[in-house]
Amino acid sequence: MPHPEHLLLRSLARQPVERTPLWLMRQAGRYLPEYRALRGSFSQLTEFFRSPQAACEAAMQPLARYPLDAAIVFSDILTIPDAMGLGLKFLSGEGPRFEHPLRTARQIRALAPPDPEQELGYVLEAVRMTRQALAERVPLIGFTGSPWTLAAYMVEGRGGNNFPHARALLREQPQAAEQLLDTLATAVALLLGAQAQAGAQVLQIFDSWGGLLSDEEYRRWSLEYLHRTIAALPTTCGGKPPPLIVFVRDGGRSLTQLAASGCAAVGVDEQLSHWPPELDIVVQGNLDPALLSTDPKQLDIAVDTVLKRFANAPGHIFNLGHGVPPPTDPALVEVLVDSVRQRSQRPSAH
Ligand code: CP3
């Protein structure tokens, strides 16, 4: 049976929509009791990610509760460095750690981009299973980290600080940094392309640590390699790439440049309080995740503010400025979803 093109895909294509599409970064996760139950059957988080069946179930959980407009593959941005041999571990309460962080030019020279089918087959299997489980209900988003964000974790060996080693590498060993970022641009393009070929209908790149860099550094160390990644997508996707969303956590500083990068949409964090009218790009965002610990009334008002903020953009996809915080009450997520659906109705558009 033919079905109308999904809302999210129409927004990304700048077509009219009858209401604003909505999904939430980290919509599968610890705030859901059913997620915690599933997580409990694995001692290591990495084992959970490596089980396509469990990953498919986790990706479907939020959709069983809420009428969201997209599913996102249940995986992690750090699967690429793990497949490159850095040894990923998640320590409870402390976040990710690499057993073998990159500290020397020699280590960097020895790296090669992983072959997705050979080394990240579990991610692609999760994509295939989730796409099938969705049965065309909503589109599936595949994702990776940006080259810079992955490099930052790989050099530092951990998150949670200001990445002093990673920033020192840029200053002190720029050639090694270039080589690392170039390898990662290839790795990211390969994994995004493989996810598209396995069934992902939208792609998102998380540049979670773009905000650590100054404007000039951002151009040199992040944007440049995003460009290389985007340029490689027609090849790695084996044809026209799916629409790409680039999410950057930096208060919107680099939006003009990103808008010209060939992505379909930019994802912005909650620091962006005003949409520059000259920006001609679809926007995704940006409710402050902290609002999910307030009350229904405040949440509803904040939703209205976000919808109005982006009313003049060429398209808007409702999302948070960052992921759903783990202590969130699932009932408030329902309030949020209802509020976005009701307040963004545009009965005249077809
Ligand atoms: O619904 C979804 O969005 C699930 C898929 C998903 C995960 N990680 C699963 C996950 C996505 C899109 C990510 C992206 C990711 N991972 C980013 C980019 C977005 C961002 O948050 O800036 C980053 C930087 C990572 C690296 C990472 N993974 C960290 C820093 C942590 C620990 C801190 C945290 O947020 O929990 C993880 C673990 C992780 N990845 C969890 C999940 C559901 C927590 C799992 C658990 O403890 O049960």
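Since we're looking at a predicted model, the values are computed, not measured.

As a further point, take the state of the cysteines. Under the defined criterion, the tally for this structure stands at zero disulfides. Left without a disulfide partner, C237 is nearest to the cysteine sulfur of C263, which lies 14 Å away. Since its relative accessible area comes to 9%, C237 is described here as buried.

In this section: the environment of G262. Tracing the backbone shows G262 in the loop between α13 (255-259) and β7 (265-268). Taking the C-alpha atoms as reference, G262 lies 17 Å from R220; in sequence the two are 42 residues apart.

On to the pairing of strand β8 (residues 282-287), then. Here β8 lies mainly inside the structure; six of its six residues are buried. Note that β7 and β8 share three bridges and pair parallel. Residue pairing for β8: A265 is matched across the bridge by V282. In this sheet, strand β9 (residues 316-320) lies alongside β8 in parallel orientation, the contact comprising five bridges.

Applying the stated rule across the entire model yields 19 salt bridges. Note that R228 is salt-bridged to E224, the shortest N-O span being 2.8 Å. You can see R228 and its partner E224 sitting in helix α12 (residues 215-236), four residues apart, about one turn around the helix. Its relative accessible area of 35% is what places R228 among the partly exposed residues. Owing to a relative accessible area of 30%, E224 belongs among the partly exposed residues under this scheme. Connected through shared salt-bridge partners, D300, D304, K308 and R343 make up one network.

In this section: unusual backbone geometry. Note on backbone geometry: most residues besides glycine have negative phi, and most peptide bonds are trans. That bond from G285 to N286 is cis: its omega, -15°, falls within 30 degrees of zero. Relative to the assigned elements, N286 resides in strand β8. With a phi close to 65°, R14 is a non-glycine residue in the positive phi region. Looking at where R14 falls in the secondary structure, it is placed in the loop between α1 (7-12) and α2 (33-39).

On to the packing of helix α11 (residues 174-198) against α12, then. Axis angle and axis distance: for two packed helices, these are the angle between their axes and the distance between the axes, and together they describe the pair. Viewed as axis vectors pointing N to C, α11 and α12 meet at an angle of 35°, and their least axial separation amounts to 8 Å. In the crossing of α11 with α12, the sense of the turn from one axis to the other is right-handed. Considered class by class, the residues forming the contact of α11 with α12 number 13 nonpolar, four polar and four charged.

Taken together, 24 residues sit near the ligand, with R26, R30, D76, S208 and H322 positioned nearest. The separation between an oxygen atom of the ligand and a polar side-chain atom of R30 is 2.3 Å. Starting from 860 Å² of accessible surface for the ligand in isolation, the protein chains cover 86%. When contributions to the shell around the ligand are tallied by element, the ones reaching two or more residues are α2, α3 (45-49) and β3 (95-98). In terms of residue class, the shell around the ligand is made up of 14 nonpolar, five polar and five charged.

Another aspect to go through is helix α5 (residues 79-86). Extensive coverage of α5 is indicated by the burial of six of its eight residues. For α5, every residue scored as buried is listed here: T79, I80, P81, D82, M84 and L86. Looking at the buried side of α5, the elements it contacts are β2 (88-91), β3, α8 (121-134), β4 (140-145), α9 (147-156) and α11. Phi turns positive, to about 75°, at G87, one or two residues after α5.

We now examine the side chain of D269. By secondary structure assignment, the location of D269 is in the loop between β7 and β8. Although D269 lies buried, it forms no salt bridge, and the closest oppositely charged side chain, R249, sits 5.3 Å away as judged by the N-O distance. Reaching out from D269, the side chain makes a polar contact with the side chain of Q271 at a distance of 3.1 Å.

The next subject is the sheet that holds β4. Strand order in this open sheet of seven strands is β1-β4-β5-β6-β7-β8-β9, and the pairing throughout is parallel. The two strands at the open ends of the sheet, each matched to only one other strand, are β1 (71-72) and β9. As defined by bridge partners, strand β6 (residues 244-248) adjoins β7 across four bridges and the pair is classed as parallel. In the strand pairing of β7, V248 is matched with V268.

Parameters and conventions
- Residues numbered from 1 in each chain as written.
- Predicted model: local features only at pLDDT ≥ 70, side-chain atom pairs only at ≥ 80, totals over all residues.
- Heavy atoms only, no water.
- Disulfide = S-S within 2.5 Å.
- Buried < 20%, exposed > 50% of the residue type's maximum accessible area, 1.4 Å probe, protein only.
- Helix = DSSP H or I, 4+ residues; strand = E, 2+ residues; numbered from the N terminus.
- Pairing = 2+ DSSP bridges.
- Salt bridge = Lys/Arg side-chain N within 4 Å of Asp/Glu carboxyl O.
- Axes fitted to C-alpha atoms, helices over the stretch in contact; angles between N-to-C directions.
- Left-handed = near helix turned anticlockwise from the far one by under 90°.
- Nonpolar A, V, L, I, M, F, W, Y, C, P; charged D, E, K, R; others polar.
- Near = heavy atom within 4 Å.
- Polar contact = N/O pair within 3.5 Å; in protein donor to acceptor, adjacent residues only side chain to side chain.
- Areas by Shrake-Rupley, 256 points an atom, 1.4 Å probe, with all protein chains shown as cover.
- Contact = heavy atoms within 4.5 Å.
- Lys, Arg positive; Asp, Glu negative; His and termini not counted.

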